[in-house]
Amino acid sequence: MAKLALLVAFLASSSSYGASSPELRGLWTRAERAVEAAAESFVEEDVAAPVIHALRPRVGSADPDPPGAIVDEAIAYTEGFKLSGNDANKKGKEKKRLWLFDIDETLLSSLPYYATHSYGESRRRCQRPETQRLYDVAEFKGIERVLLSNRKEDLRNVIEANLRLRGFSDWFKLLLKPIDCNGTAIVYKSGERKKLQDAGHVIVGSIGDQWSNLVGLAEGKRIFKLPNPLYYVR
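Residues numbered from 1 in each chain as written. Predicted model: local features only at pLDDT ≥ 70, side-chain atom pairs only at ≥ 80, totals over all residues. Heavy atoms only, no water.

## Overview of the overall build of the chain
Rule in force here: In this description a helix means any DSSP run of H or I spanning at least four residues, a strand means any run of E spanning at least two, and both kinds are numbered starting from the N terminus. Only protein chains enter the accessibility calculation, which uses a 1.4 Å probe. A residue is then buried if its area is under 20% of the maximum for its type, exposed if over 50%, and partly exposed in between. Contacts are residue-level and defined by heavy atoms, with any inter-residue pair within 4.5 Å sufficient. For accessible areas, the Shrake-Rupley method is used with a probe of radius 1.4 Å. Any residue's cover is judged against the shown protein chains and nothing else.
Helices and strands together make up the secondary structure of the chain, namely nine helices and seven strands. Burial analysis of the chain (234 residues in total) assigns 47% to the buried set. For the chain, the share of sequence-separated contacts (at least 6 apart) that also reach a separation of at least 24 residues comes to 69%. Carbon together with sulfur atoms contributes 53% to the accessible area of the chain, which is approximately 12100 Å² in total.

So, in structure tokens, the structure goes:
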């Protein structure tokens, strides 16, 4: 609950509304109700999801920093990252340092397509140059890249081809949802991160355009949230 309390405080402090505005008071009321309703649950993703939904007007469209500034911070963090404590004692080639990347609207973007077409399912994606810089820096620092997407396994060939076409390759793992998995993104991605952590890997950082890409179980050392003005995924 401490992480969620910090999340609520951060998002509220970054609001463009005045502290006494009706909009902000209404936002806090919804957030408080969501937290109270989830207070008896000890499953982290079950607690996080209603808070994220209550804060949807903030997390879905009005991030305080532009993508380039967020990625610059992530790069500076990555370049200065050093293992410490128990993590530094993990040895063996099977134990790796990992950077986790979402794909849609994180590594690849649909915005150029939407600039000339209406919003919809059929779209072409191009790389996001700012996150491509982070992807390359992670490789330079010897950190393996894991791509964790909410898309399903039957699209693997198309996704891999599109990623390589846009300049992304040499990932450690590309994790996609099983075809029969109908769980939410926050539950699915939490589970996949926990598997990586339980295998002894260290999650150095994680970046995505949705809070459901980032919060829940096994969040890793740092998370970086990119803005997405188009849609929200729970």
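On we go from here.
## Some remarks on the packing of helix H5 (residues 67-79) against helix H7 (residues 129-140)
Rule in force here: To obtain an axis, a line is fitted to C-alpha atoms, over the contacting stretch when the element is a helix, and the angle between two such axes runs from 0 to 180 degrees between their N-to-C directions. The cut-offs work like this: below 35 degrees is roughly parallel, past 145 is roughly antiparallel, 65 to 115 is roughly perpendicular, and the gaps in between are oblique.
One way to put it is that H5 packs onto H7 with a least axis distance of 9 Å and a crossing angle of 5 degrees. By the criterion of interaxial angle, the relationship of H5 to H7 is roughly parallel. Residues Pro-67, Gly-68, Val-71, Asp-72, Ala-74, Ile-75, Thr-78 and Glu-79 of H5 form the contact with H7, whose own contacting residues are Glu-130, Thr-131, Arg-133, Leu-134, Val-137 and Ala-138.

## Examining the packing of aromatic side chains
Operational definition: Here is the rule: rings of Phe, Tyr and Trp (six-membered ring for Trp) pair when centre to centre is within 6.5 Å. Planes less than 30 degrees apart are stacked, more than 60 are edge-to-face, and the remainder are tilted. By definition, being over a ring means that NZ of Lys or CZ of Arg is both within 6 Å of the ring centre and within 35 degrees of the ring normal.
By the definition in use, this model includes six aromatic pairs. Taking 5.9 Å as the distance between ring centres and 45 degrees as the angle between the ring planes, the aromatic pair formed by Tyr-77 and Phe-224 counts as tilted. With a gap of 147 residues between them, Tyr-77 in helix H5 and Phe-224 in strand S7 (residues 222-225) connect regions that are remote in the sequence. Residues Tyr-77 and Phe-224 agree in their burial class; the two are buried. Directly above the ring of Tyr-135 sits Arg-145, whose terminal nitrogen or CZ lies 4.0 Å from the centroid.

## What to know about the pairing of strand S4 (residues 144-152)
When a strand is regular, its side chains alternate between the sheet's two faces. Basically, it comes down to this: Each pair of strands is called paired provided DSSP finds at least two bridges between the two strands. Viewed with both strands pointing away, a crossover whose connecting path from the first strand over the helix to the second turns clockwise is right-handed.
Relative to S4, strand S1 (residues 97-101) runs parallel, the two sharing four bridges. Counterpart to Leu-98 in the pairing with S4 is Glu-144. Note: S4 against strand S5 (residues 173-177), four bridges, orientation parallel. Of the residues in S5, the one forming a bridge with Leu-148 is Leu-175. Read as a crossover between parallel neighbours, the route from S4 over helix H8 (residues 156-165) to S5 is right-handed.

## Examining the nonpolar core
If you look at soluble globular proteins, the nonpolar side chains tend to sit buried side by side. Cut-off, in case you're wondering: Throughout, nonpolar core names a set of buried Ala, Val, Leu, Ile, Met, Phe, Trp, Tyr and Cys residues whose side chains join them through atoms within 4.5 Å.
Counting residues in each nonpolar core, the largest one holds 27 residues, and the members touching the most others are Trp-99, Leu-134, Leu-147, Leu-163 and Ile-207. Residue assignment for this core shows that the elements contributing at least two residues are H5, S1, H7, H8, S5 and strand S6 (202-208). If you tally residues by element for this core, the top one is H5, at five residues. Residues Val-146, Leu-148, Leu-175 and Leu-196 belong to the second largest nonpolar core, which totals eight residues.

## A word on the side chain of Asp-104
Just so we agree on the cut-off: Pairing of N or O atoms within 3.5 Å defines a polar contact, subject to two protein rules: one partner must be a possible hydrogen donor and the other a possible acceptor, and residues neighboring in sequence count only if both atoms are side-chain atoms.
Structurally, the position occupied by Asp-104 is in the loop between S1 and strand S2 (108-109). In this structure the side chain of Asp-104 is engaged in a polar contact, spanning 2.5 Å, whose partner is the side chain of Arg-151.

## Here we look at the confidence of the model for the chain
Interpretation of the predicted coordinates at a detailed level should be avoided for regions scoring low in pLDDT. Keep this limit in mind: Per residue, pLDDT measures the predictor's confidence, with a range of 0 to 100.
Here the chain shows a mean pLDDT of 75. Residues at 70 or above account for 61%. Per-residue pLDDT stays below 50 along residues 38-63; that stretch engages in 56 contacts with residues further than four places along the chain or on separate chains.

## As for H7
What counts, and what does not: Given a helix with a known number of residues, its expected span is that number minus one, times 1.5 Å.
The terminal C-alpha atoms of H7, which comprises 12 residues, lie 17 Å apart, in line with the 16 Å expected from a rise of 1.5 Å per residue. Those residues of H7 that sit buried are Glu-130, Thr-131, Gln-132, Leu-134, Tyr-135, Val-137 and Ala-138.

## Re unusual backbone geometry
For residues that are not glycine, phi is negative in most cases, and the peptide bond is trans in most cases. With a phi angle near 60 degrees, Asp-170 is a residue other than glycine that sits in the positive phi range. With respect to the helices, strands and loops of the structure, Asp-170 is situated in the loop between H8 and S5. Judged by relative accessible area, Asp-170 falls into the exposed class, the value being 55%. Even without glycine at this site, Ala-218 takes up a positive phi of about 50 degrees. Following the sequence through the fold, Ala-218 ends up in the loop between S6 and S7. A relative accessible area of 14% places Ala-218 in the buried class.

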